[in-house]
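Structural overview
What follows is the residue order along each chain.
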Amino acid sequence: MDIKERLWAKTLLTAYPYLERAAEEADARLTDEAVSSWRSPLSAEDTCKRLMRIVAAKEGYINARVITNECVARLPQKLGRALKCRYFEMLSYPVIARVAGVSERSVYNHMQRAEEAFAGALVSRGYGVERLEELFGDNVFLKGVYNRLS
């Protein structure tokens, strides 16, 4: 598995809990921009371009969430549940270990397998590095998470 594939997989998982809120914030920003556009010094064309950038960002958040859900759902139940505990519910390794009744090391090893399986699911569904770059390479939030993880 390519390092960039694993990095994009980790990016989608890490960003997941924030994507719904980011989409809501994009909606609020879109409304504010549209309502106040009448007094903007920008031309109508520039205002439309600005609004379309916000719409594109929101679309990216929604697509990232759908793709992540779709690929996690395709994993074996134990691997999917591990990812949901860690990334969706944001539970720490010690908490997961305590709830599962296993060692933290076991959780860590299992999580590595789950993350690798998720990256494989992305690729098998047609979301390789090139496609993910095409979809999310211009998204400031997702690319920021990607860069922070790299």
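Just so it is clear, the structure is predicted and the values come from calculations on it, not from any experiment. (Residues numbered from 1 in each chain as written. Predicted model: local features only at pLDDT ≥ 70, side-chain atom pairs only at ≥ 80, totals over all residues. Heavy atoms only, no water.)

Across the interface, helix α4 (residues 93-100) lies against helix α5 (residues 104-124) with an axial gap of 9 Å and an inter-helix angle of 105°. By the angle class used here, α4 and α5 are roughly perpendicular. Note on element contacts: α5 touches α4 through Glu104, Val107, Tyr108, Met111 and Glu115, opposite Tyr93, Pro94, Ile96 and Ala97. A breakdown of the residues in the contact of α4 with α5 according to their chemical character gives seven nonpolar, no polar and two charged. (Axes fitted to C-alpha atoms, helices over the stretch in contact; angles between N-to-C directions. Helix = DSSP H or I, 4+ residues; strand = E, 2+ residues; numbered from the N terminus. Parallel < 35°, antiparallel > 145°, perpendicular 65-115°, else oblique. Contact = heavy atoms within 4.5 Å. Nonpolar A, V, L, I, M, F, W, Y, C, P; charged D, E, K, R; others polar.)

What follows is about the environment of valine 55. Summarising the element assignment, valine 55 is placed in helix α2 (residues 44-73). Since its relative accessible area comes to 34%, valine 55 is described here as partly exposed. (Buried < 20%, exposed > 50% of the residue type's maximum accessible area, 1.4 Å probe, protein only.)

Let's shift gears to the nonpolar core. Counting residues in each nonpolar core, the largest one holds 42 residues, and the members touching the most others are Leu12, Leu83, Phe118, Leu122 and Phe136. Sorting the residues of this core by element identifies α1 (3-36), α2, α3 (77-88), α4, α5, α6 (129-136) and α7 (140-149) as the ones contributing at least two each. A per-element tally of this core places α1 first, with 11 residues. If we ignore the near neighbours within four places in the chain, the residues touching leucine 12 are Ala64, Ile67, Thr68, Phe118, Leu122, Leu132 and Phe136. (Core = buried A, V, L, I, M, F, W, Y, C linked by side-chain atoms within 4.5 Å.)

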